[in-house]
Amino acid sequence: MNLPNLPTHLPSGHLPSETTSFIGRTAELSAIEVLLGESRLVTLTGVGGVGKSRLALRAARRAERVFAHGARLIQLAPLREASLLGAVLLEELCLADQSTRPAEDVVAEWLADKQLLLVLDSCEHLVEACARLVRTLLDAAPRLRVLVTSRQPLGLPGERSLEVCPLPVPPPLTEGNAAPEYSDALALFADRAATSTAAAASDSAYEPGSAGQASAAAVCRRLDGIPLAIELAAAQLGELSVEQLNDRLQHRFEALSVQDGARITDLPRHRTLRTTIGWSHELCEPLERLLWARLSVFIGGFDLSGARAVGAGGPISAGEVERLLDGLAAKSLVRRRTDAEPGTEEGADTDPLGPPRYSMLDTVREYGAHWLSELGEAETARRRHRDFYRELMLRADAEWMGPHQVSWYTRLAADHANLRTALDFCLTRGEGVAALEMGGALWFFWFACGFAREGRHYLEQALDLCHEPGPERSKALWACGLAALGQGDVDAVFRLASALRESVGGAGAPDAHTASYLECAALTLRGDQRRAAALLDAVRESPGEAGEGGEAGQVGAGKSGGAFREAWLLLKVTHSFVHVHRGNFTAAADTADELCARSEQLGERWMRAWAEYTRALASAALGHPSEAAAHARRALEGKALLHDSLGTVMAIDLLASTAAASDRGRHAARLLGIGQHLWQAIGPSQMGSPELRAARRESELLSRKSIGDTAYEEEYRTGLDAGAADGVAYALAATPQGHDR
């Protein structure tokens, strides 16, 4: 594969934006371009802080135009559990696969026909797992190229490695050369210094021949041109002049050359970076150092509430944490991010559940973790971290069926790596009850937000670890049953329903409706609507249905609708679905309308979207395709907002059906292609439901009849090739121009 000359600036596509300027690395970028042309696996190696990740991102941005399917970046630094590597790839590649197949096989199958550049960033802590995965992917996808960053190569045949060296530094001054030569390291220092108070006060600080430029060049030489070390040093210019900075660094390094004999055999670049971070550590006030150490237990970022929960204690009061965070941010040891604030999506609710987020670079976090261990506080900080996320999960569960669902989704998605870390803490320490409680509380995250595979991973471990009866086990069985349902694993759903019924106290217990829902939903997937209807009728007669203060037959009435309020509402959805497929269309519409009204009272969106979906099914069956399309579109809006991949694709299939019934063949064909694209990323089409598959076939037949096979294939292919976001946007448009026939 020959890569042509590449432009410097290209559109970002699926790659994240660069938040600071990119300095130098012209030779390295050219070398990566050549290596990607010669080998299918290229690994960038080098010490921490040398800029491997940033270089890989820029190389991918330059190369993505050459690849028909672009470039994708997978950031692995937050991942600590190798067994979740495939699940993380599914998530980052937006493959909402909910099947029971191994995640690596799903990714390999999806990549099989793709010409794509896959960037795996920060593999050093998962080298063996990454090597196995890369081998699998390269064997399955002949046009795939993989660019890896790691502190060591993967060790695979055909791998080409490129060591990322520090930036070039200016040579020492000589009598004949009074001004430092230009270098990338000096340019980086000047660029980062421009954001500090001291540098901003003097525009001429780094003019050629100035004392400032000479001192800056000396700083860059002393720091060996390591980008992270330079950035940390430049951050001190808010308090020091560049001459003072140079003097202090000189004294620091001279002292270490005498005092740090135990480490004198380390590679010089490792010593330089550790020394620079250590110097930044010394420049912090004592409480900043302590907070830095405690915050190292967070993976992937944190917000102010988390920092207070984990960082406060002893000499640090909760009120001081924000000031100390600001101090760490000013020194570039903590980075403040405002692009992940909850409640910022279009259509999101207006109750933000967290302030701007903070993060640490891995190398800085590792230094803090070392000091946390030295202080003897590692276990305490990790337990505080676990306790904070346990409370967050329980609060999210309590508030999910309310007006802040979008904020909760956004918040938990941002903290996904921390949720994993908290669950892993419980599992590795044998704290089974806590693991059951936390995994069960996240039922909606697993089932409603597209993480069924990961949910089963954690819940099955927790259930195997702890067999102690109680509400925690019941909730975990419920959550695991929902996750299995989301995967279409009907046999597992029946098995878990049986265990759940026993756990809650038998068929007559107040919470037995949870097991009934799982069984009813599994029966509908198998196409056994008769048995599902009989079971639903029996549930409706249950005295436990109403909860406190409600009347029989009023699902969700009363104070809470029972301990599992969502189960009552899900039963309503299933009942409406069963009514449709047994020909009781008016009853289906009435049931869906009742559920819409109840969801409106609660202010929630997720269940309301399911109600709109079944209402659309009823309207379509009653011969009102325009009305059905309006309901299906509202269902799609709700499902897409919450990233419910299963609900999203089911709504799109239904929109295709209404378009075909309205003689809008082109529109229907494209929607069918969009739907198929999404099903390929989720699992078995239509979840294996006989009724849904029959409806899909009918839509295709009507569309082909309306516009002919050639036009159908053209529109279908256009939809199939559309990205998920573009496909959903097209489906949400009420009257796409040019697609009435």
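Coordinates for the structure precede this section.
Residues numbered from 1 in each chain as written. Predicted model: local features only at pLDDT ≥ 70, side-chain atom pairs only at ≥ 80, totals over all residues. Heavy atoms only, no water.

Observations concerning the packing of helix 31 (residues 665-682) against helix 34 (residues 724-732)
We apply this condition: Every axis corresponds to a line fitted to the C-alpha atoms, with the helix fit spanning only the stretch in contact, and the corresponding angles, defined between N-to-C directions, vary from 0 to 180 degrees. Note on conventions: DSSP H or I runs of at least 4 residues are helices, E runs of at least 2 residues are strands, and numbering of each starts at the N terminus. With the far helix as reference, a near helix turned anticlockwise by less than a right angle produces a left-handed crossing, and one turned clockwise produces a right-handed crossing. Any two residues whose heavy atoms approach within 4.5 Å at even a single point are treated as in contact. Under the scheme applied here, ten amino acids are nonpolar (Ala, Val, Leu, Ile, Met, Phe, Trp, Tyr, Cys and Pro), four are charged (Asp, Glu, Lys and Arg), and all others, including Gly, are polar.
Direction vectors running N to C along helix 31 and helix 34 enclose 145°, while the axes themselves pass 10 Å from each other. Crossing handedness for the pair helix 31 and helix 34: left-handed. Taken together, the residues of helix 34 that come into contact with helix 31 (itself represented by His667, Arg670, Leu671, Ile674, His677 and Leu678) are Ala724, Gly727, Tyr730 and Ala731. Across the contact of helix 31 with helix 34, the residue classes tally to 6 nonpolar, 3 polar and 1 charged.

As for empty space enclosed by the protein
Our working definition: For cavity detection a 1 Å grid was placed over the protein atoms alone, and a set of points counts as a cavity when a 1.4 Å probe fits there but cannot get out; an open set counts as a pocket when protein lies on both sides within 12 Å along at least five of seven lines, with lining residues being those that have an atom within 4 Å of a point. Grid points are joined across faces, edges and corners, and a volume is the space filled by probe spheres set on the points.
This model, assessed by the stated rule, comprises 7 cavities of 30 Å³ or more. Taken as a whole, the largest cavity encloses approximately 320 Å³ of empty space. Looking at the largest cavity, it is lined by 19 residues, and the ones nearest its centre are Tyr517, Thr524, Leu525, Trp610 and Met650. For the lining of the largest cavity, the secondary structure elements donating two or more residues are helix 22 (471-486), helix 24 (513-526), helix 26 (565-581), helix 28 (606-621) and helix 30 (645-661). Class assignment for the residues of the lining of the largest cavity results in 14 nonpolar, 5 polar and no charged.

Observations concerning the packing of aromatic side chains
Our working definition: Pairing of aromatic side chains here covers Phe, Tyr and the six-membered ring of Trp, requires ring centres within 6.5 Å, and sorts the geometry by plane angle: under 30 degrees stacked, over 60 edge-to-face, intermediate tilted. The rule is simple: take the accessible area with a 1.4 Å probe, protein chains only, and divide by the maximum for that residue type; under 20% is buried, over 50% is exposed, in between is partly exposed. Lysine and arginine charges are scored as sitting over a ring when NZ or CZ, respectively, is within 6 Å of the ring centre and within 35 degrees of the ring normal.
Under the counting rule described, the total for this entry stands at 17 aromatic pairs. A centroid spacing of 4.9 Å and a plane angle of 80° characterise the contact between Phe388 and Tyr389, whose relative ring orientation is edge-to-face. Exposure remark for Phe388: the relative accessible area of 14% places this residue in the buried category. With centroids separated by 6.5 Å and ring planes inclined at 25°, the aromatic side chains of Trp446 and Tyr458 adopt a geometry described as stacked. Taken as a pair, Trp446 in helix 20 (residues 443-448) and Tyr458 in helix 21 (residues 452-465) lie far apart in primary sequence, 12 residues in all. In terms of burial, Trp446 and Tyr458 fall into one category: buried. A network of ring pairs unites the aromatic residues Phe298, Phe302, Tyr358, Phe388 and Tyr389 as a single cluster. If you follow Lys114 out to its NZ or CZ, it ends over the ring of Trp110, 4.4 Å from the centre.

By themselves, these observations are geometric and do not establish any function.
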